[in-house]
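Observations on the three-dimensional arrangement
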Amino acid sequence: MNETRRALLDALAAGPVEGPALAQRLGVSRAAVWKQVEALREEGFSIESGEGGYRVVDVPEYGAAAIQFGLDAPYEIEYHDRIASTNDRARELAADGASDVVVVADQQTGGRGRLKRSFSSPSGGVWASPLVRPRRPPAEVPLYTLAAAVAVVRASREAGVDAAIKWPNDVLVGDSGGGDDGDGRDDDEGGEDEVDRPGARKLAGILTEMEGEADRVSWLVVGIGVNANVDVEDLPPGATSLRAEVGDVDRRVFLQRLLEVFAELTGEGADLRGVLDAWREHAATIGRRVRVETAGETIEGDAVDVRFPGSLVVRTDDGERVVHAGDCEHLRPAADR
Ligand code: BTN
């Protein structure tokens, strides 16, 4: 999206604006303004030109200009109807030196999940990959993933879905204690505590990728996949969607809200400690009995807190353990069985 168009969308979002004032503000001719307005109309915007100037009365359902319109976050939107993976595209843009771009797609044909798993991404979802270049050390990167999970939960709650986060960054609905978390694996693998199957359904997942030096991130791609307006039949077992929970949502508004929360928590000058507080507020894991599979061992106990930069503190029979990475299951406390 060129700069003039982005500035035009920002100006129109702020209210009716006269052609001459727009031309001056954008540093282009009135004819150029008219041409851009016509282009927006062709893309589905309904723009009245009357007293007070140009006024947007209707916005297309989705797409780059629609998402950009009224977006209160410092990102440029690159939109694709269909793409292999928004993370792959964001990585390409990163290699070209881009920043503060969000790659968005209606459908992914090669969506990727954590641990090299594939990620179902049918048409109607919110598949988005913000590309940013924070001036931060790589050690702080997990906070961006947690911030994305918080953003998904807040946008989901505003859409009427009671979502919560399972450490580190799965967003679940109806989490009364584990079950298949929607990644296609059966989490009920026995053990001392029985997994409470009927509860959790996975609504969203996050895949963060980065490049950097020891002391500084070069680029960061936070791939966010939310099962929005999709049928559960098109998703792996155990997954849910906003459509299944509350009916179709306005994806434009949902994604805008998500990006705004993400920018607020992680943007230039933000105090990243606020991410942990926000995460705790929306976490289903704290206070739960958990089993965490790490690279080398299985840790079981009560999740008591999350600690910088996103490690889970688990109280076990052998004392407190701080877990930096792993697959977490919520277990039903033995007393409840
Ligand atoms: C997971 O749950 O394993 C993480 C899933 C992350 C999926 C998102 S969808 C947008 C972005 N593009 C991808 O290919 N993956 C991420």
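Preceding this paragraph is the structure being described.
Reference entry: report on the structure contained in this document. None of the values given here were measured: they were computed from a predicted structure.

What to know about the environment of His80
Residue position: His80 is located in strand E3 (residues 76–83). In the structure, His80 is positioned 175 residues away from Leu255 in sequence and 15 Å away in space, judged by C-alpha atoms. Ignoring sequence-local partners within four residues, the contact set of His80 consists of Arg89, Val103, Val104, Ala105 and Asp106.

Topic: the side chain of Thr86
On the secondary structure map, Thr86 appears in helix H5 (residues 86–95). Beyond its immediate stretch of four places on either side in the chain, Thr86 contacts Val103, Val104, Ala105, Gln108, Trp127, Ala128 and Ser129.

Overview of the side chain of Glu260
Following the sequence through the fold, Glu260 ends up in helix H8 (residues 251–266). Classification of Glu260 as buried rests on a relative accessible area of 16%. Beyond its immediate chain neighbours, meaning those up to four positions away, Glu260 contacts Gly70, Leu71, Asp72 and Ala73.

Some details on the nonpolar core
In this structure, Val226 and Leu258 are the most contacted members of the largest nonpolar core, which totals 63 residues. Ranked by residues supplied to this core, first place goes to helix H6 (residues 141–158) with twelve residues. Residue contacts for Val226: discarding those within four places in its chain leaves Gly125, Val126, Trp127, Val152, Leu203, Ala204, Leu242, Phe254 and Leu258. By size, the runner-up hydrophobic cluster in this structure holds 19 residues, among which are Leu9, Val33, Val59 and Ala65.

The rules behind the values
Residues numbered from 1 in each chain as written. Predicted model: local features only at pLDDT ≥ 70, side-chain atom pairs only at ≥ 80, totals over all residues. Heavy atoms only, no water. Helix = DSSP H or I, 4+ residues; strand = E, 2+ residues; numbered from the N terminus. Contact = heavy atoms within 4.5 Å. Buried < 20%, exposed > 50% of the residue type's maximum accessible area, 1.4 Å probe, protein only. Core = buried A, V, L, I, M, F, W, Y, C linked by side-chain atoms within 4.5 Å.

Scope: geometric values only; no functional claims are made or implied.
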